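Inside the fold
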Amino acid sequence: AQAAQNGQDVSIAVWDCFDHDLGRAVQRLFVTPNGAFLAVFDMAAWLTNQAEAEAPLKSWLDAIAESASGAPLILVGTRGDAVDSDDDLNKINADLLRLVAETHVLAVAGESGRIFFPLDNTSNEQDRAGELRKVVAKTALELPCANRDVPLAWVRVLDLMRETQQQFLTQDQAAALADKVGVQPKELHDLLLLFNDTGALLFHESSTTGSGGGIIVLQPRWLFGCLSKF
């Protein structure tokens, strides 16, 4: 995804990890201290059956607190069309304040002072998520990894991997692509660790096959599909 903040272009890697039981089973694979997290919940369901709506959100907040303590969290409430009053919004905000305090995560506040961003996803207004977009871009730019200098050759390797349009690559396949732009295996390993931490891909190092035996996941839904078969 592309965004802009104060004249700076921001390229954001978005991994949609929520998939009920499957998502909760693998969520910690996608939670790193170098990321920012967007947790989306249904406000209509929250007001109707809070306990049921809160459970999956708390599961993700627990994962973030455990694996990415201090990473910014942006809470988004959908179904704004079903919220009748500020009283409803304030109730949800109070519930979220309690949940955030219990899980010790760092929630980003909006201009309203609430720690979540209500959206009416049935609205046809072009800028209905304008404030949210600005907050996401600002949060991404403030991440420590956003200001790290990355060699152009590393970026080219990432582009080459994506251009294969494969769901995943072996580390050896990635090494062959990296060799085309002069990136050697040791440098490739550092490259993969960095891009794993920043969410550009998922790198799983093999503990049994030795150097070069890792797997690089370029499409998270492929991994979800594989895990769902077990």
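Anyway, here's the lowdown on the structure attached to this text. (Residues numbered from 1 in each chain as written. Predicted model: local features only at pLDDT ≥ 70, side-chain atom pairs only at ≥ 80, totals over all residues. Heavy atoms only, no water.)

1. Description of the packing of aromatic side chains
Definition in use: Here a Phe, Tyr or Trp ring, Trp counted by its six-membered ring, pairs with any other such ring whose centre lies within 6.5 Å, and the pair is stacked when the planes are under 30 degrees apart, edge-to-face when over 60, and tilted otherwise. A 1.4 Å probe rolled over the protein chains alone gives each residue an accessible area, and that area as a share of the maximum for its type sets the label: buried under 20%, exposed over 50%, partly exposed in between. Runs of E in the DSSP output that reach at least two residues are strands. Runs of H or I that reach at least four are helices, and both are numbered from the N terminus.
In total, this model carries 2 aromatic pairs according to the counting rule given. Seen in terms of ring centroids, Phe41 and Trp46 are 5.2 Å apart; in terms of plane orientation they differ by 55°. Their pairing is tilted. Classification of Phe41 as buried rests on a relative accessible area of 5%. For Trp46, a relative accessible area of 1% corresponds to the buried category. Here the aromatic rings of Phe41 and Phe116 are separated by 5.9 Å at their centres, their planes lie at 50°, and the arrangement is tilted. Of this pair, Phe41 sits in strand 3 (residues 37–42) while Phe116 sits in strand 6 (residues 116–118), placing them 75 residues apart in sequence.

2. Overview of the layout of surface pockets
Applicable threshold: Every definition here rests on a 1 Å grid over the protein atoms only: cavities are sets of points where a 1.4 Å probe fits but cannot get out, pockets are open sets enclosed by protein on both sides within 12 Å along at least five of seven lines, and lining residues have some atom within 4 Å of a point. Grid points are joined across faces, edges and corners, and a volume is the space filled by probe spheres set on the points. Residues are grouped as follows: nonpolar covers Ala, Val, Leu, Ile, Met, Phe, Trp, Tyr, Cys and Pro; charged covers Asp, Glu, Lys and Arg; every other residue, Gly included, is treated as polar.
For the second largest pocket, the calculated volume is near 220 Å³. Here the lining of the second largest pocket takes 5 residues from helix 5 (residues 130–141), the largest share from any one element. Residues of the lining of the second largest pocket, tallied by class, amount to 4 nonpolar, 3 polar and 5 charged.

3. Quick word on the sheet that holds strand 7 (residues 168–170)
The line we're drawing: Two strands are counted as paired when DSSP detects at least two bridges linking them. Angles run from 0 to 180 degrees between N-to-C directions of axes, and those axes are lines fitted to C-alpha atoms, restricted for helices to the stretch in contact. The criterion used for residue contact is that any of the two residues' heavy atoms lie within 4.5 Å.
Taking strand neighbours across the sheet as the criterion, the 3 strands line up as 7-9-8 in an open arrangement whose pairing is antiparallel. Each having just a single partner strand, strand 7 and strand 8 (202–204) make up the two edges of the open sheet. Strand-to-strand twist of the sheet, defined as the mean angle between neighbouring strand axes without regard to direction, takes the value 20°. With 3 bridges connecting them, strand 7 and strand 9 (residues 215–217) associate as antiparallel partners. Counted as the bridge partner of Thr170 is Ile215 from strand 9. Each of strand 7, strand 8 and strand 9 is contacted by helix 7 (residues 171–179), which is oriented at about 85° to strand 7, the strand it contacts most. Lying on the sheet, helix 8 (residues 185–197) is in contact with strand 8 and strand 9; it crosses strand 8 at an angle near 130°.

Worth remembering: the numbers are spatial, not functional.
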